[in-house]
Amino acid sequence: MADGCTDWKWRSLINFLVYCPKETIFLKSVDVSHASKSFDFLFKLFKDVVLFFGPENVVHIVTDNAANYVATRKLLEKEFPKLSWSPCVAHCINLMLQDMGKLEEVSEAIPYAIKITKYIYNHWYALFFMWKYTGGREILWPFPTRFATNFIALQSILAQKEALRAIVTYKEWTSSAYVKEAKAKQFAEQLLDFGFWSKCSDIVKLANPLVYVLHMVDSEYKSSMGFLYWGMYKAKEEMV
């Protein structure tokens, strides 16, 4: 299995892992920051891994679904006819959520949610009131480029809708000195904006079935392939 990531030094890495019935094992990490990641470069990397274990011991390869990996797959299957390949389910679902993020309602709601969250966590009095009304619960912070995280964050914010609205409607806030600040007034308007909460509700209803499948396939505790087709069938049904 190949998993691409960026480390804290902003290096682009490809991690190679091996799955067998006993456990998943980390094999090696390759720094590809200065490489083109062309399909012929990736083919050499994967070929080395297959030869390290012996072609007779490798039956399946899992990568993300980018075009260069799809092209690499064809070279590998030609070189090792007994190999099969499939794209990473989590990556495919993330791409679906990325496309959903381009919908007008979603692209408008995410920046709105970021402003609300940013204000709360940057102002101690707003944070204090949030903890008070949510019973100490946190809300997740959306990020413009993290697709699944954004939908989960909207779900988290929607679940605390009444508690968040209580921050700016209860007397402790309305009679305080904070309400006179321009940012505080804007924060209150955002929390009381019916249109935002309506969009949030629609988006969460639409995305939740896919997010559920993502949680299922991204779990490290049990194999999920046996549940995948049922999960996707149910997700399609619910989204319709």
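These figures come from a predicted structure and were not determined experimentally.

Looking at the pairing of strand β2 (residues 12-19)
Here comes step 1: Pairing between strand β1 (residues 2-6) and β2: five bridges, direction antiparallel. What sits directly across from Gly-4, in β2, is Ile-14.
Here comes step 2: In sequence, β1 turns back onto β2 through a hairpin of five residues, with Trp-10 there showing a positive phi of about 65°.
Here comes step 3: Connecting the antiparallel pair β2 and strand β3 (residues 24-31) is a turn made up of four residues.

Things to note about helix α2 (residues 67-79)
Here comes step 1: Over its 13 residues, α2 extends 19 Å from the first C-alpha to the last, a length consistent with the 18 Å expected when each residue adds 1.5 Å.
Here comes step 2: Along its buried surface, α2 packs onto β2, α1 (39-53), β4 (60-63) and β5 (84-87).

Examining the environment of Ser-201
Here comes step 1: Relative to the helices and strands, Ser-201 resides in helix α10 (residues 194-217).
Here comes step 2: The spatial distance from the C-alpha of Ser-201 to the C-alpha of Phe-227 is 27 Å, given a sequence separation of 26 residues.

Concerning the pairing of β4
Here comes step 1: Side chains of β4 alternate between two faces, with Ile-61 and Thr-63 buried and His-60 and Val-62 left unburied.
Here comes step 2: Note: β4 against β5, four bridges, orientation parallel. Of the residues in β5, the one forming a bridge with Val-62 is Ser-86.
Here comes step 3: Regarding the hand of the β-α-β motif, the stretch spanning β4, α2 and β5 is right-handed.

Side note on the side chain of Thr-63
Here comes step 1: The topology assignment puts Thr-63 in strand β4.
Here comes step 2: On the basis of relative accessibility, which here comes to 2%, the residue Thr-63 falls in the buried class.
Here comes step 3: Separated by 2.9 Å, the side chains of Thr-63 and Trp-85 make a polar contact.
Here comes step 4: If sequence neighbours within four positions are ignored, Thr-63 has contacts with Ala-2, Phe-46, Tyr-69, Trp-85, Ser-86, Pro-87 and Cys-88.

A word on the packing of helix α4 (residues 104-122) against helix α9 (residues 182-191)
Here comes step 1: Running from amino to carboxyl end, α4 crosses α9 at an angle of 130°, the nearest separation of the two axes being 10 Å. Comparing the axis directions of α4 and α9 gives the class oblique. The handedness of the crossing between α4 and α9 is left-handed. Of the residues in α9, those touching α4 at Tyr-112, Lys-115, Ile-116, Tyr-119 and Ile-120 are Lys-183, Ala-184, Phe-187, Glu-189, Gln-190 and Leu-191.
Here comes step 2: Among the residues making up the contact of α4 with α9, the classes are represented as seven nonpolar, one polar and three charged.

Procedures and definitions
Residues numbered from 1 in each chain as written. Predicted model: local features only at pLDDT ≥ 70, side-chain atom pairs only at ≥ 80, totals over all residues. Heavy atoms only, no water. Pairing = 2+ DSSP bridges. Helix = DSSP H or I, 4+ residues; strand = E, 2+ residues; numbered from the N terminus. Expected span 1.5 Å × (residues − 1). Contact = heavy atoms within 4.5 Å. Buried < 20%, exposed > 50% of the residue type's maximum accessible area, 1.4 Å probe, protein only. Right-handed = clockwise from strand over helix to strand, strands pointing away. Polar contact = N/O pair within 3.5 Å; in protein donor to acceptor, adjacent residues only side chain to side chain. Axes fitted to C-alpha atoms, helices over the stretch in contact; angles between N-to-C directions. Parallel < 35°, antiparallel > 145°, perpendicular 65-115°, else oblique. Left-handed = near helix turned anticlockwise from the far one by under 90°. Nonpolar A, V, L, I, M, F, W, Y, C, P; charged D, E, K, R; others polar.

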